Amino acid sequence: MKQIGLALNLSTRQTRKQVFLEQMEQVVPWQDLVQLIAPYYPQGRNGRPPFELQTMLRLHFLQQWFKLSDLGMEEALFDTPLYRDFAQLDAHGRLPDESTILRFRHRLERHKLAEQMLATVNDLLCAKGLQLKEGTIVDATLIAAPSSTKNKDNARDPEMHSSKKGNQWYFGMKAHIGVDADSGLVHTVRCTSGNVGDVVEGNSLLHGQEVQVFGDAGYQGADKRADAPNDVPWHVAMGPAKRKALDKEHSAVDALVDQLERVKAQIRAKVEHPFRVIKRQFGYTKVRYRGLKKNTLQIVTLFALSNLWMARHQLMQQQGARG
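Computed from a predicted model, the values in this text were never measured in an experiment.

Caption draft 1: Quick look at the pairing of strand β1 (residues 135-144). Counting buried residues in β1 gives eight out of ten residues, a clear majority hidden from the surface. Sheet analysis places β1 next to strand β5 (residues 212-215), joined by three bridges and oriented parallel. Considered in β5, the bridge of Thr136 is made with Val213.

Below is the structure:
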């Protein structure tokens, strides 16, 4: 019998993937999320017993973290013992197949549980004192969609549209987020087709308890729209052309205005962190499904997980202090 057949792990070195999953094991509020989904999960009174709810939730999160399709997740369970261990599955027992994983995702979509999961995560972060809710930074990012028409319908996804950024055209959708100005954690997510202007969704990204809001030049006029709150000041960046025209060397006023723009840019920089996490850490750069609904639910889940990733060190420190 070979060593691999004994399922022995004689290596003492941890991979980055192992470290990542150990950290997520500690910071994800598993019990709260299981209680949230449990009313919609089958009890197994008839037919074959279902897999444990927490196992299916762990598989769903593995898909988001490592960019796995339903079939890819099924195959990864056979290939990667680390995934089976994280999902609390017996290597010699029954493993979820593609259809089981698909049905669990459809259940989350049908009952719109992604937004409730984001709220559950944010409740945890607020209870830990990691969200102050005094200021909000708003921004949006483009998510690419396949532009090819070589498919069954011979057409692009009708819910995706093109938008121009600089001199480049992009086809896809937009993810609009509202971020806590102090911690950089996401509290609100809205998704639209790619041709919707940032300013249109600006006020829908506020949670209502802000004392100030920050946005880039794309949010010019957001405070004058019909849905804008009356008592919340917007700090919007000056347009690039106007800022370039400032005479900073000969005008003290222009130099002061430029310095103020720098301060506002430093504050707004925090809104880029969640985008970096989902695009670089989780590898989400292109939509997986057709239509806005399915992709929106995945994006909301990704931002909930990005909050936990960004706050993992503080959460683990608090757990260690409590222990």
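Caption draft 2: The side chain of Thr100, seen in detail. Relative to the helices and strands, Thr100 is located in helix α6 (residues 98-110). At 2.7 Å, the side chain of Thr100 forms a polar contact with the side chain of Asp97. Setting aside chain neighbours within four positions, we find Thr100 in contact with Phe51 and Met56.

Caption draft 3: Looking closely at empty space enclosed by the protein. Scanning the entire structure with this criterion turns up two cavities of 30 Å³ or more. What the largest cavity holds in volume is close to 110 Å³. Lining the largest cavity, in full, are His60, Gln64, Arg105, Leu108, Glu109, Ala114, Met117, Tyr289, Lys294, Leu297, Gln298 and Thr301. For the lining of the largest cavity, the elements supplying multiple residues, two or more each, are α3 (53-66), α6, α7 (113-127) and α12 (292-310). Broken down by element, the residue count for the lining of the largest cavity peaks at four residues, all from α12. Residue composition of the lining of the largest cavity, by class: five nonpolar, four polar and three charged. Each pocket or cavity is described by its volume, and for the second largest cavity that value is around 40 Å³. Around the second largest cavity, the lining residues are Leu33, Phe61, Met117, Val121, Thr301, Ala304, Leu305 and Leu308.

Procedures and definitions
- Think of each chain on its own: its residues are numbered from 1, step by step along the sequence as written.
- Where local features are concerned, this predicted model is filtered to residues with pLDDT of at least 70; where side-chain atom pairs are given and counted, the filter is 80 or more; whole-chain, interface and lining totals use all residues.
- Side-chain figures throughout are based on the complete set of non-hydrogen atoms in the structure, without hydrogens or water.
- For each residue, the accessible area found with a 1.4 Å probe, counting protein chains only, is set against the maximum for its type, and the residue is called buried under 20%, exposed over 50%, and partly exposed in between.
- Think of it this way: any DSSP run of H or I at least four residues long counts as a helix, any run of E at least two long counts as a strand, and we number them from the N terminus.
- Pairing between strands is defined by DSSP: at least two bridges between them are needed.
- What qualifies as a polar contact is a pair of N or O atoms within 3.5 Å, subject to a donor-acceptor requirement within protein and to the restriction that residues adjacent in sequence count only when both atoms come from side chains.
- Contact between two residues is taken to exist if any of their heavy atoms lie within 4.5 Å; hydrogens are not considered.
- Cavities and pockets are found on a 1 Å grid laid over the protein atoms alone: a cavity is a set of points where a 1.4 Å probe fits but cannot escape, a pocket is an open set with protein on both sides within 12 Å along at least five of seven lines, and a lining residue has an atom within 4 Å of such a point.
- Grid points are joined across faces, edges and corners, and a volume is the space filled by probe spheres set on the points.
- For this scheme, ten residues count as nonpolar: Ala, Val, Leu, Ile, Met, Phe, Trp, Tyr, Cys and Pro. Four count as charged, namely Asp, Glu, Lys and Arg, and the remainder, Gly too, count as polar.

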